[in-house]
Amino acid sequence: MAREKGSVRKNFLKGILTENPLFVSILGTCPALATTKTLEAALGMGLLFTIVLICSNVLVSLLRKIIPEEIRTPAYIVIIATFVTMVKMFTNAFLPELYSTLGVFISLIVVNCIVLGRAEAYASKNGPFDSLIDALGMGVGYTLAIMLMAFFRELLGTGGFTFGKVFTFIPETPLIIPGIESYTISLFQTPVGAFIVFAIILAIIAFIKNRKAELKANLAKQEKAKKLAEAQAMAAKQAEGGNK
Amino acid sequence: MPNAKKYILTGVTLGCIAAVAAGLIAVTNLITAKKIAQNEIDAVNKGIASIFGDSEIKNEGKVSGHDYVTYYYQVDYKNSELEMHGYAFKCEGSNMYGKVSLIAGFDQKSNFMSLYLIKNEQTYASTLVDKYVVPLNDAESSKKDEALDDVSCGATYGAKLVREMINDAKAASSEFWSK
């Protein structure tokens, strides 16, 4: 089956931009608020989430013609829970620091609306390759979104970033941003700070969207006025020709 | 009986999915079990080192008859060049906010020294650490009991659980020294 040119790219990018699960669909907010205290924890959460999303999307897509309609949701939950359990065990074994940092939020990926939502809305209706690209786009989009939140929370809350605390295979490197360290606001390290950062980012996105819509409307108006003027000029010309 | 066939097919499909899921988890467990067990041993050793500093485990074993204490570790350690003896206890417990597993260290007089969190699966995990565990560990020896009782920290239920675990370990330490 021939794929439309650029459709893969479009499918991938929609998860990052136009259909970003966190900033556009407002899904998966619970872990986004809880695991964005540090950039490293957010990256870890994003990676685990992406792995679960890819695996479950591909498997759901492969089994979409086998799973009877009546047991679709329980079957999807069993599939997702299996991958979450596997990811949890691997993290506990090979990245124990990440495991203890994320704690209960690894298990909570099972009930993340994005994972079940993509299985139900996309993977159950599309082929494995498209589902893989969709999951990859959504996963990367979610990871980037929570990393953006973590960037501001860690920077404003601690005055810099610390690497190597969660991913212990890299040496611990504190990165202090000069000028900010004396003006840190510890509120940003608390759940309240997470809400504030999330709200500000959503407000900025809404502002940009509205501005874009306004510009588009203005452009359309101008275009319409231009066309009207052209039509009037043409009509006047025709009337002039008729008189002669 | 078209319905019966449908029901059987539905049950068989769900059963197959569950069986494959169980198989996958079993294989993952086979791969990770040893590493997880080793990580737990490392965490205990790290916890004992963080409480007692330069130390050596002389004896260890299971503890029964306590609500939270599961293991004991008899530790020899150095304090200002003096050879000291102490006990560390591994405690495990949970509440509605999740599991906690820790190592609590006690000196020869069963005075609480400090604790090391092995596993903290509380919903308010970081609040528990920042507002209760760190101040408790940093408190001077004379103010440890006061810090232990000060559980109003934003993760109060977690702090109460930790306090109960430490008190249980303290009782175990007194029992061990009285033997």
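Everything numeric here is computed off the predicted structure, so don't read it as measured data.

## Some remarks on the overall build of chain B
Line of reasoning, step 1. Of the regular secondary structure elements, chain B holds four helices and five strands.
Line of reasoning, step 2. Secondary structure elements in chain B, listed N-terminal to C-terminal, are α-β-β-β-β-β-α-α-α.
Line of reasoning, step 3. Against the compact-globule benchmark of 16 Å for 179 residues, chain B has a radius of gyration of 22 Å, which places it well outside the compact range.
Line of reasoning, step 4. C-alpha extents for chain B along the principal axes are approximately 80 × 35 × 30 Å.
Line of reasoning, step 5. Within chain B, buried positions represent 30% of all 179 residues.

## Digging into the interface of chain A and chain B
Line of reasoning, step 1. Facing the 22 residues of chain A at the interface are 22 residues of chain B.
Line of reasoning, step 2. Secondary structure elements with two or more residues in the side of chain A that touches chain B: α4 (72–94) and α5 (96–102) of chain A.
Line of reasoning, step 3. Looking at the side of chain A that touches chain B, the element that brings in the most residues is α4(A), giving twelve residues.
Line of reasoning, step 4. Of the residues belonging to the side of chain A that touches chain B, the class tally is 15 nonpolar, five polar and two charged.

## Re helix α7 (residues 113–123) of chain A
Residues and elements named next belong to chain A.
Line of reasoning, step 1. Restricting attention to buried positions, one finds in α7 the residues Ile114, Val115, Arg118, Ala119 and Ala123. Buried residues along α7 cover an arc of 135° about the axis, so they all sit on one side.
Line of reasoning, step 2. Structurally, α7 contributes buried residues whose contacts are with α3 (39–62), α4 and α8 (128–158).

## Focus: the domain arrangement of chain A
Residues and elements named next belong to chain A.
Line of reasoning, step 1. For chain A, the assigned domains are domain 1 (7–186) and domain 2 (190–244).
Line of reasoning, step 2. Relative placement of domain 1 and domain 2: their C-alpha centres are 36 Å apart.
Line of reasoning, step 3. With nine residues of domain 1 in contact, the opposing surface of domain 2 contributes nine residues.
Line of reasoning, step 4. Going through the elements one at a time, α2 (29–34) and α8 are the ones with two or more residues in the side of domain 1 that touches domain 2.
Line of reasoning, step 5. If you tally residues by element for the side of domain 1 that touches domain 2, the top one is α8, at five residues.
Line of reasoning, step 6. Counted by class, the side of domain 1 that touches domain 2 contains six nonpolar, two polar and one charged residues.

## A look at the environment of Thr82(A)
Line of reasoning, step 1. Inspection of the secondary structure puts Thr82(A) in helix α4.
Line of reasoning, step 2. Measuring from C-alpha to C-alpha, the distance between Thr82(A) and Ser107(A) comes to 11 Å, with 25 residues separating the pair along the chain.

## Comments concerning unusual backbone geometry
Line of reasoning, step 1. For Ile26(A), which is not glycine, the phi torsion reads 50° and is therefore positive.
Line of reasoning, step 2. On the secondary structure map, Ile26(A) appears in the loop between α1 (7–16) and α2.
Line of reasoning, step 3. One non-glycine residue, Ser110(B), adopts positive backbone phi at about 60°.
Line of reasoning, step 4. With respect to the helices and strands, Ser110(B) occurs in the loop between β4 (98–106) and β5 (112–120).

## Some remarks on the confidence of the model for chain B
Line of reasoning, step 1. Of the residues in chain B, 99% have a pLDDT of 70 or more, and the chain-wide mean is 91.
Line of reasoning, step 2. With pTM at 0.81, the complex prediction returns an ipTM value of 0.80.

## Quick notes on the packing of α3(A) against α4(A)
Residues and elements named next belong to chain A.
Line of reasoning, step 1. Interhelical geometry of α3 versus α4 gives an angle of 145° and a closest axis separation of 9 Å. By crossing handedness, the relation of α3 to α4 is classed as right-handed. Contact with α3, carried on its side by Leu48, Ile51, Val52, Cys55, Ser56, Leu59 and Val60, involves Tyr76, Ile79, Ile80, Phe83, Val84, Val87 and Thr91 of α4 and no other residues of that element.
Line of reasoning, step 2. Classifying every residue of the contact of α3 with α4 by side-chain character gives twelve nonpolar, two polar and no charged.

## Side note on the sheet that holds β4(B)
All names here are of chain B.
Line of reasoning, step 1. What the five strands build is an open sheet, ordered β1-β2-β3-β4-β5; its pairing is antiparallel. Where the open sheet ends on each side, the last strands, each with one partner, are β1 (55–62) and β5. Mean inter-strand twist for the sheet, computed between neighbouring axes without regard to direction, equals 20°.
Line of reasoning, step 2. Alignment of strand β2 (residues 69–79) against strand β3 (residues 82–95), held across ten bridges, turns out to be antiparallel. Residue pairing in the sheet places asparagine 79 in a bridge with leucine 82 of β3.
Line of reasoning, step 3. Across the face of the sheet, helix α4 (residues 156–178) comes into contact with β2, β3, β4 and β5 while running at roughly 135° to β3.

## Notes on the nonpolar core
Line of reasoning, step 1. One finds Val52(A), Ile146(A) and Met149(A) to be the most contacted residues of the largest nonpolar core, which totals 55 residues.
Line of reasoning, step 2. Taken together, the elements giving at least two residues each to this core come down to α2, α3, α4, α5, α6 (104–107), α7, α8 and α9 (191–243) of chain A.
Line of reasoning, step 3. The residue makeup of this core includes at least three contributed by each of domain 1 (7–186) and domain 2 (190–244) of chain A.
Line of reasoning, step 4. The next biggest cluster of nonpolar side chains, apart from the first, holds 37 residues, and it includes Tyr73(B), Leu115(B), Ile166(B) and Ala172(B).

Rules of the game
- Residues numbered from 1 in each chain as written.
- Chains lettered and ligands numbered in written order.
- Predicted model: local features only at pLDDT ≥ 70, side-chain atom pairs only at ≥ 80, totals over all residues.
- Helix = DSSP H or I, 4+ residues; strand = E, 2+ residues; numbered from the N terminus.
- Rg over C-alpha atoms; globule rule 2.2 N^0.38 Å.
- Buried ≥ 20, exposed ≤ 12 C-beta atoms within 10 Å, placed from the backbone.
- Contact = placed C-beta atoms within 7 Å.
- Nonpolar A, V, L, I, M, F, W, Y, C, P; charged D, E, K, R; others polar.
- Arc of directions from axis to C-beta.
- Domains from an automatic or database assignment.
- pLDDT = per-residue confidence, 0-100.
- Axes fitted to C-alpha atoms, helices over the stretch in contact; angles between N-to-C directions.
- Left-handed = near helix turned anticlockwise from the far one by under 90°.
- Pairing = 2+ DSSP bridges.
- Core = buried A, V, L, I, M, F, W, Y, C linked by C-beta atoms within 7 Å.

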